[in-house]
Amino acid sequence: MLERVKYDGYVQILKEELVPAMGCTEPISIAYAAAKAREVLGATPESGSIGVSGNIVKNVKSVTVPHTGGMKGIKSAFIAGMVAGDASKELEVIADVSEADIAKMPEVKASFPLDVYVPEDARIFDLRVTLRANGHEAFVRIADTHTNIVQIKYDGEVLFEHELVERKSVKTDKSILNVEDIVEFANTVNIDDVKETLDRQINYNMAIAEEGLTNPYGANVGKTIIKAFPNDVKILAKAYAAAGSDARMNGCELPVIINSGSGNQGMTASIPVIVYSRHYCKSKEDLYRALCVSNLVTIHLKAGIGTLSAYCGVVSAGAGAGAGIAYLLGGGFKEVAHTIVNAVAIDSGIICDGAKASCAAKISTAVEAGILGYEMYNNGNQFMGGDGIIEKGVEKTIKNVSRLARDGMSETDKEIIRIMVEDNSNKRC
């Protein structure tokens, strides 16, 4: 049994990280900041500016912002939040937009003077919104995480300021996570402590997956998988997870439950485990415990990488899903640990080049790696310490992945952003 402080920390981490969001979280964060700035300004804005880090440019450039009539890009997200956002709802800031507001957005976007720039001192996740009206000015800055407001000013006077710190100091310290304790937590957790959080994840994320399989969105990756491959549980797990991303990346207005700040990661970590649970007729309690494993493993892997990186976040979530499936099917610490190591050995080369339709295909690949990682160990096979970035011991391997993604790929991230911004034929702001 985990010591009480650590047990409570694990429960709190799940509550902090598994929260609802409408649409891709980077444009929604922009909408949230714009809505908050309008609230502080207290008047109809006449002009504005937004400073964004390169990674936000990357993740907003090609994704459809929900409740905008299909608009894409930074200015679209800004206008949606400014025109119709409710800042009190944070990542559901544009969940209740009226048809009249949607109809108004294109006209406002075309006429509103907005300067978009990349601050030289921007953090990896950084956005700064300024709105002006009647000679007054409101400023809101969000940094490090999607709803972490670090400064609010009105006419230059600081109304609120929060010290810029690492994410672990903003929320519950993720360094308490390790795979052995995650499995022990799943074994012993009082279901009532996590039931509400996980029920919401099950309901929200399966609803958007089913929407993605029912209607056409993006490249229809989920539908293609079901049509093209034999209909078994592994294919269904990949297809449902991909379909959720098909819908979410391409304007679906259903909310999702995110993981580590990402809806794609939230869907990848949960949907395959739910599909496997239904296929094998597992009890609801078994599913809750397996989702504790999949979600916490994903958070553990992502904690050392950071919010945004050139390393695709669904790789971590796919490993988390594989770990959750291993646990669901009777595995313990050894099976879960080897599944994670095998999975990250397979697909740690997948890059993040922004939020868009192809994320669904990357999710499919990550889920495949997670399931293969489990099946390998279940059949007596594994990747060994010394095979590339793999080191003996799951925690050592996780540290290597964090080092690769956070430090080793920092220049890769900059080059990806340069490629995306310099491609004028597809440039969207």
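For the structure itself, consult the block above.
The structure displayed is predicted, hence computed values, not measured ones. (Residues numbered from 1 in each chain as written. Predicted model: local features only at pLDDT ≥ 70, side-chain atom pairs only at ≥ 80, totals over all residues. Heavy atoms only, no water.)

Caption draft 1: Examining the pattern of salt bridges more closely. In total, this model carries 20 salt bridges according to the counting rule given. Between Asp-8 and Arg-4 there is a salt bridge, with its nearest N and O atoms 3.1 Å apart. Highlighted residues: Asp-8 and Arg-4, both in helix H1 (residues 4-17), separated by four residues, approximately one helical turn. For Asp-8, a relative accessible area of 38% puts it in the partly exposed group. Between Lys-414 and Glu-411 there is a salt bridge, with its nearest N and O atoms 3.2 Å apart. With a gap of three residues between them, Lys-414 and Glu-411 both fall in helix H17 (residues 410-422), about one helical turn apart. Overlapping salt bridges bring together Asp-121, Asp-126, Arg-128 and Arg-141 as one network. (Salt bridge = Lys/Arg side-chain N within 4 Å of Asp/Glu carboxyl O. Helix = DSSP H or I, 4+ residues; strand = E, 2+ residues; numbered from the N terminus. Buried < 20%, exposed > 50% of the residue type's maximum accessible area, 1.4 Å probe, protein only.)

Caption draft 2: Region of interest: the packing of aromatic side chains. For the coordinates displayed, the defined rule picks out four aromatic pairs. Relative to Phe-112, the ring of Phe-78 has its centre 6.3 Å away and its plane inclined at 35 degrees; by these criteria the two rings are tilted. On the criterion of sequence distance, the pair formed by Phe-78 in helix H4 (residues 74-84) and Phe-112 in the loop between helix H5 (99-111) and strand E3 (114-117) is long-range, its members being 34 residues apart. The pair Phe-78 / Phe-112 is uniform in exposure class, with both members buried. (Phe/Tyr/Trp six-rings, centres within 6.5 Å; stacked < 30°, edge-to-face > 60°.)

Caption draft 3: Expanded view of the pairing of strand E2 (residues 47-52). The buried count for E2 comes to six of six residues, which makes it a mostly enclosed element. Neither face of E2 is left uncovered, since the one carrying Ser-47, Ser-49 and Gly-51 and the one carrying Gly-48, Ile-50 and Val-52 both have all their residues buried. In this structure, E2 lies alongside strand E4 (residues 126-133), joined through six bridges in antiparallel fashion. If you follow Ile-50 over to E4, its bridge partner there is Val-129. Here E2 runs beside E3; their pairing, made up of four bridges, is parallel. (Pairing = 2+ DSSP bridges.)

Caption draft 4: Quick peek at the sheet that holds E2. With mixed pairing, six strands are arranged side by side in an open sheet as E3-E2-E4-E5-E6-E7. At either margin of the open sheet sits one strand with a lone partner, and together these are E3 and strand E7 (157-161). Neighbouring strand axes in the sheet, compared pairwise and without regard to direction, differ in orientation by 10 degrees on average. The sheet contacts of helix H2 (residues 25-41) involve E2, E4, strand E5 (136-143), strand E6 (149-154) and E7, and relative to E4 the element is tilted by about 35 degrees. (Axes fitted to C-alpha atoms, helices over the stretch in contact; angles between N-to-C directions. Contact = heavy atoms within 4.5 Å.)

Caption draft 5: Examining the environment of Ser-283 more closely. When you line up the elements, Ser-283 lands in the loop between helix H11 (263-279) and helix H12 (284-303). On the basis of relative accessibility, which here comes to 35%, the residue Ser-283 falls in the partly exposed class. For the pair Ser-283 and Asn-190, spaced 93 residues apart in sequence, the C-alpha to C-alpha distance is 15 Å.

Caption draft 6: Region of interest: the side chain of Ser-348. Looking at where Ser-348 falls in the secondary structure, it is placed in the loop between helix H14 (333-347) and helix H15 (359-378). Of the polar contacts made by the side chain of Ser-348, one reaches the side chain of Tyr-311; its length is 2.9 Å. Discounting chain neighbours no more than four positions away, the residues touching Ser-348 are Tyr-311, Val-315, Ile-389, Val-401 and Leu-404. (Polar contact = N/O pair within 3.5 Å; in protein donor to acceptor, adjacent residues only side chain to side chain.)

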